[in-house]
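# Commentary on secondary and tertiary structure
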Amino acid sequence: QLPVVIDVAIAGDDQRAEILALVREYASRGYRTLATAPGTSLPGQSLDEADAELVFDALFILADPIRPEVPGAVTNCRRAGVEVMMITGDIVETAGEIGRQAGIVSDLGNVMDASAFRELDDDEVNSKLAAGRLQALARALPEDKERLVGILQERGEVVGMTGDGVNDAPALKKADIGFAMGSGSQVAREAADVVIVDDNFVSTVSAIRWGRSVFENLRKFLQFQLTVNVVALVTAFTAAVFGFGTPLNAVQLLWVNLIMDSFAALALALEPPTDRLFDQRPHGRTEPLISRQMWTNVFVAALAMLSVLMLVLFAPSIFDLASRKGKEATDRYRDSFLFNTFVWMQVFNAFNCRSVRAERSPFTNLQNSRSFLTIIGIIAVSQVVIMLIGGPVFSVVRQDLADWGKSLGLGATMLLLGFVARAL
């Protein structure tokens, strides 16, 4: 949009108030203002002396509208527990109006001129921050930006800073995460941790969503890994101690590990991010990777799996397994049933591991998680093929239809136990 030129023939200091009133009028409507004034610099005259002789010529009004998606992005930040502040070189009126349009400033009284900011000590700034009375800082210098970042960090905040100019570099470097605009200066890009190539604030909000998604998916995978590893280890150890040999042989354990490591990592780590992640509070610097809810989920699931597998080992008659001639054949059929049941319990527990929070169902957004459904489908089909034709390789025997039903039924109980764990 071309600048609007206001031709004002005003000269003399007595009209200064009128010019400034015009500037503030347009600034309060969100426009940027640029005045021009010609003058002559005499030889040996200082810059300040030359500035004193300038005569006002014209005022340019520049429209620099915010992107329409910015207010929604600011709202999502607040949903996610992230407070958004604005630090700008614009005057108070412009900062207040732009901040209002973006949803950052709720009241013009929350916009502070940097000259007033410099007169406050850190405790006074902290008081304003705690009361929510500092939402935008106008006419800020590089040292003002850096100081505000430091004060926020001393309060225990994790600070992200965006900027594009050379004067933003100190604050970008000091912040926990510096976001530089791709079209900005080379100095700013080198000082920052992340470069936003599209120069859009919405991209920083996308970074929050993706960061939380990666963290959440990592937790899901760890929850699944811990459960299966504990069960496999205790089962193998107990069987060896009490003379049951190796109910889970090396090839079977390799298949279990393939499910745990490769397939589970893909299924749970590729879960797509959703806007529900904005409803979570920030994790903070000291929050453990494995939460209390995760330990509860792991404990309940592992205890359930171990209880079933121990019953299969020590009291197979409870499951009324099909009898076979000879102890060796019976033991092999029992071990095959144990292996099949263990795998199906893992499959159904993978659904539980999609949730690491008490208030979230494991079926949330399941229809959009195509990678998870595809990989779980591959595991299920592979397990059926192994049990039907993989006997020579996996040392298993075919199961009767009734025993297939028992394995699947025991596996499905993991879903019910998952709801119990979250209820606890």
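Our structure is the block above this text.
Everything in this summary refers to the structure shown in the same document. Computed from a predicted model, the values in this text were never measured in an experiment. Residue numbers restart at each chain and count upward from 1, following the sequence in its written direction. Predicted model: local features are reported for residues with pLDDT of at least 70 only, side-chain atom pairs are reported and counted for 80 or more only, and whole-chain, interface and lining totals are derived from all residues. Only hydrogens and water are set aside when side-chain values are computed; all heavy atoms of the structure are taken into account.

### Some words on the overall build of the protein
Of regular secondary structure, the protein possesses 16 helices and nine strands. Against the 2.2 N^0.38 benchmark of 22 Å for 424 residues, the protein shows a C-alpha radius of gyration of 33 Å, more extended than a compact globule. In terms of overall dimensions, the protein has a C-alpha envelope of 115 × 45 × 35 Å along the principal axes. Residue exposure (1.4 Å probe, protein chains only): buried if accessible area is under 20% of the type maximum, exposed if over 50%, otherwise partly exposed. When each of the 424 residues of the protein is scored for burial, the buried share is 43%. Here, Shrake-Rupley sampling with a 1.4 Å probe gives the accessible areas, and only protein chains in the shown set may cover a residue. For the protein, the accessible area works out to roughly 21800 Å², and carbon and sulfur atoms hold 60% of it. Charged residues are defined narrowly, with Lys and Arg counted positive, Asp and Glu counted negative, and His plus the chain ends left uncounted. Note on charges: their place is set at NZ of Lys, CZ of Arg, CG of Asp or CD of Glu. Here the protein holds 38 positive side-chain charges and 48 negative ones, and the gap between their average locations is 15 Å. Every helix listed is a DSSP run of H or I at least four residues long, and every strand listed is a run of E at least two residues long, numbered separately from the N terminus. Note that the radius of gyration is over C-alpha atoms, with the globule rule given as 2.2 Å times the number of residues to the power 0.38.

### Considering the environment of Asp-320
Inspection of the secondary structure assignment puts Asp-320 in the loop between helix H12 (292–314) and helix H13 (327–352). For Asp-320 and Asp-403, which are 83 residues apart along the polypeptide, the C-alpha to C-alpha distance reads 8.6 Å. Look past the residues within four positions of Asp-320 in its chain and what remains in contact with it is Asp-403 and Lys-406. Contacts were defined at the residue level, with two residues in contact if any of their heavy atoms lie within 4.5 Å.

### Brief notes about the sheet that holds strand E4 (residues 86–87)
Note: strands within a sheet are paired through backbone hydrogen bonds, in either parallel or antiparallel orientation. Each pair of strands is called paired provided DSSP finds at least two bridges between the two strands. One open sheet holds the three strands; their spatial order is E4-E6-E5, and the pairing between them is parallel. Bordering the open sheet on either side are E4 and strand E5 (111–113), each of which pairs with just one other strand. Axis lines are fitted through C-alpha atoms, for helices just across the contact stretch, and the angle between N-to-C directions can take any value from 0 to 180 degrees. Relative to the sheet, helix H4 (residues 92–102) contacts E4, E5 and strand E6 (136–138), its axis offset from that of E5 by approximately 160 degrees.

### Examining the nonpolar core
Definition of nonpolar core: a set of buried residues of the types Ala, Val, Leu, Ile, Met, Phe, Trp, Tyr and Cys, connected through side-chain atoms within 4.5 Å. Among the nonpolar cores identified, the biggest contains 53 residues, and Phe-224, Trp-255, Phe-339, Phe-342 and Phe-372 are the most heavily contacted of them. Broken down by secondary-structure element, the contributors of at least two residues to this core are helix H10 (201–241), helix H11 (250–269), H12, H13, helix H14 (370–389) and helix H16 (401–423). Apart from residues lying up to four places away in sequence, Phe-224 is in contact with Ile-259, Met-260, Ala-264, Leu-268, Gln-346, Asn-349, Ala-350 and Cys-353. In this structure, Leu-134, Val-149, Ala-169 and Ala-192 belong to the second largest nonpolar core, which totals 23 residues.

### Remarks on the packing of H10 against H11
Two elements in contact, H10 and H11, have axes whose closest approach is 9 Å; the angle formed by their N-to-C orientations is 160 degrees. Looking at the two axes, H10 sits roughly antiparallel to H11. You can see that H10 and H11 cross each other, and the crossing is right-handed. On H11, the residues touching Asn-217, Lys-220, Phe-221, Phe-224, Gln-225, Val-228 and Asn-229 of H10 are Val-256, Ile-259, Met-260, Asp-261, Ala-264, Ala-265, Leu-268 and Ala-269. Residues are grouped as follows: nonpolar covers Ala, Val, Leu, Ile, Met, Phe, Trp, Tyr, Cys and Pro; charged covers Asp, Glu, Lys and Arg; every other residue, Gly included, is treated as polar. Its residues assigned to classes, the contact of H10 with H11 shows 10 nonpolar, three polar and two charged. Any angle between 65 and 115 degrees counts as roughly perpendicular, while under 35 counts as roughly parallel, over 145 as roughly antiparallel, and the rest as oblique. In this scheme the handedness of a crossing depends on how the near helix is turned from the far one: anticlockwise by less than a right angle means left-handed, clockwise means right-handed.

### A look at the environment of Phe-56
Considering the arrangement of structural elements, one finds Phe-56 in the loop between helix H2 (47–51) and strand E3 (58–62). Overall, the relative accessible area of 16% leaves Phe-56 in the buried class. Residues Phe-56 and Ala-37 lie 19 residues apart in sequence; the distance between their C-alpha atoms is 4.4 Å.

### A few points about helix H3 (residues 70–79)
Within the sequence span of H3, burial applies to Val-70, Ala-73, Val-74 and Cys-77. Along the long axis of H3, the arc covered by the buried residues comes to 100 degrees, so they all point the same way. In the core, the buried residues of H3 are packed alongside H4 and H10. Along the arc lie the directions from the helix axis toward the C-beta atoms.

### Topic: a nonpolar patch on the surface
Distance thresholds for patches are 9 Å for like charges and 5 Å for nonpolar side chains (Val, Leu, Ile, Met, Phe, Trp, Tyr), applied to residues having over 30% relative accessible area and no salt bridge. By salt bridge we mean one thing: a side-chain nitrogen of Lys or Arg within 4 Å of a carboxyl oxygen of Asp or Glu. Taken together, the side chains of Val-381, Val-384, Val-385, Leu-388 and Ile-389 define a hydrophobic patch exposed on the protein surface, amounting to about 420 Å² of accessible area. As for its placement among the helices and strands, Ile-389 is situated in helix H14. On the basis of relative accessible area, Ile-389 is assigned to the exposed category, the value being 63%.

### Re the packing of aromatic side chains
The aromatic pairing rule takes the rings of Phe, Tyr and Trp, using the six-membered ring of Trp, and pairs them if the centres are within 6.5 Å, calling planes under 30 degrees apart stacked, those over 60 edge-to-face and the rest tilted. Summed over all chains, the structure comprises eight aromatic pairs. With centroids separated by 5.4 Å and ring planes inclined at 80 degrees, the aromatic side chains of Phe-242 and Phe-314 adopt a geometry described as edge-to-face. Residue Phe-242 is found in the loop between H10 and H11, and its partner Phe-314 is found in helix H12; the two are separated by 72 residues along the sequence. The class of Phe-242 is exposed, set by a relative accessible area of 54%. Summarising the aromatic geometry, the rings of Phe-244 and Phe-314 are spaced 5.0 Å apart at their centres and angled 80 degrees between planes, so their arrangement reads as edge-to-face. With a gap of 70 residues between them, Phe-244 in the loop between H10 and H11 and Phe-314 in helix H12 connect regions that are remote in the sequence. Relative accessible area serves as the criterion here: at 42%, Phe-314 is assigned to the partly exposed category. Chaining the aromatic ring pairs together yields one cluster made of Phe-242, Phe-244 and Phe-314. Above the face of the Phe-117 ring, Arg-147 is positioned so that its terminal group lies 4.7 Å from the ring centre. For a Lys NZ or an Arg CZ to count as sitting over a ring, it must be within 6 Å of the ring centre and within 35 degrees of the ring normal. Sitting over the ring of Phe-372, Arg-354 keeps its end group 5.5 Å from the ring centre.

### Thoughts on the pattern of salt bridges
Tallied over the entire structure, the rule returns 19 salt bridges. Close ionic contact of Glu-83 with Arg-78 constitutes a salt bridge, the shortest N to O distance being 3.6 Å. In this structure, Lys-406 and Asp-403 form a salt bridge, with 3.1 Å as the shortest nitrogen-oxygen distance. One end of the pair is Lys-406 and the other is Asp-403, both in helix H16 and three residues apart, which spans about a single turn. Note on Asp-403: relative accessible area 2%, which makes it buried. When salt bridges that share partners are traced, they join Arg-32, Asp-64 and Asp-90 into one network.

By themselves, these observations are geometric and do not establish any function.
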